[in-house]
Amino acid sequence: LKNIGESNVKLISLLYTSFRNQLIVETVSNISTETTGLSSFVIYGAKSRMKKYTIKELENALNVITYTEQGIKSGLIEEQFSIDYILAQVL
């Protein structure tokens, strides 16, 4: 998405949502649309990625993304470098 010119703010939102959904699926005991509030399509994708990240790594990713978003809004982080910063911290 970055290569085709999608805005960094939209990419940050997509990353946050993906990591949040993964954390939800990884931490509930009964993975269903009722217990998670996620669609079956999202659950299917998250289940296919189970155990690729630890709970701590997922929490860290959410914290990094939140910090970066706040940094952009406060002017501490340049938006043009935000995705590279997040990926460097998460990967």
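Higher on the page you've got the structure.
Draft legend 1. The arrangement of unusual backbone geometry in detail. Not every positive phi belongs to a glycine, and K51 is a case in point at roughly 70°. Structurally, the position occupied by K51 is in the loop between α3 (40-48) and α4 (55-74).

Draft legend 2. Examining the packing of aromatic side chains more closely. One pass over the structure, following the stated rule, counts two aromatic pairs. Here the aromatic rings of F19 and Y53 are separated by 5.5 Å at their centres, their planes lie at 75°, and the arrangement is edge-to-face. Here F19 is found in helix α1 (residues 8-27), whereas its partner Y53 is found in the loop between α3 and α4, with 34 residues between them in sequence. Given a relative accessible area of 11%, F19 falls into the buried group. When the centroid spacing of 6.4 Å and the interplanar angle of 45° are considered together, the rings of Y67 and Y85 count as tilted. With Y67 in helix α4 and Y85 in helix α5 (residues 79-90), this pair connects stretches of sequence that are 18 residues apart. With a relative accessible area of 46%, Y67 lands in the partly exposed category.

Analysis parameters
- Residues numbered from 1 in each chain as written.
- Predicted model: local features only at pLDDT ≥ 70, side-chain atom pairs only at ≥ 80, totals over all residues.
- Heavy atoms only, no water.
- Helix = DSSP H or I, 4+ residues; strand = E, 2+ residues; numbered from the N terminus.
- Phe/Tyr/Trp six-rings, centres within 6.5 Å; stacked < 30°, edge-to-face > 60°.
- Buried < 20%, exposed > 50% of the residue type's maximum accessible area, 1.4 Å probe, protein only.

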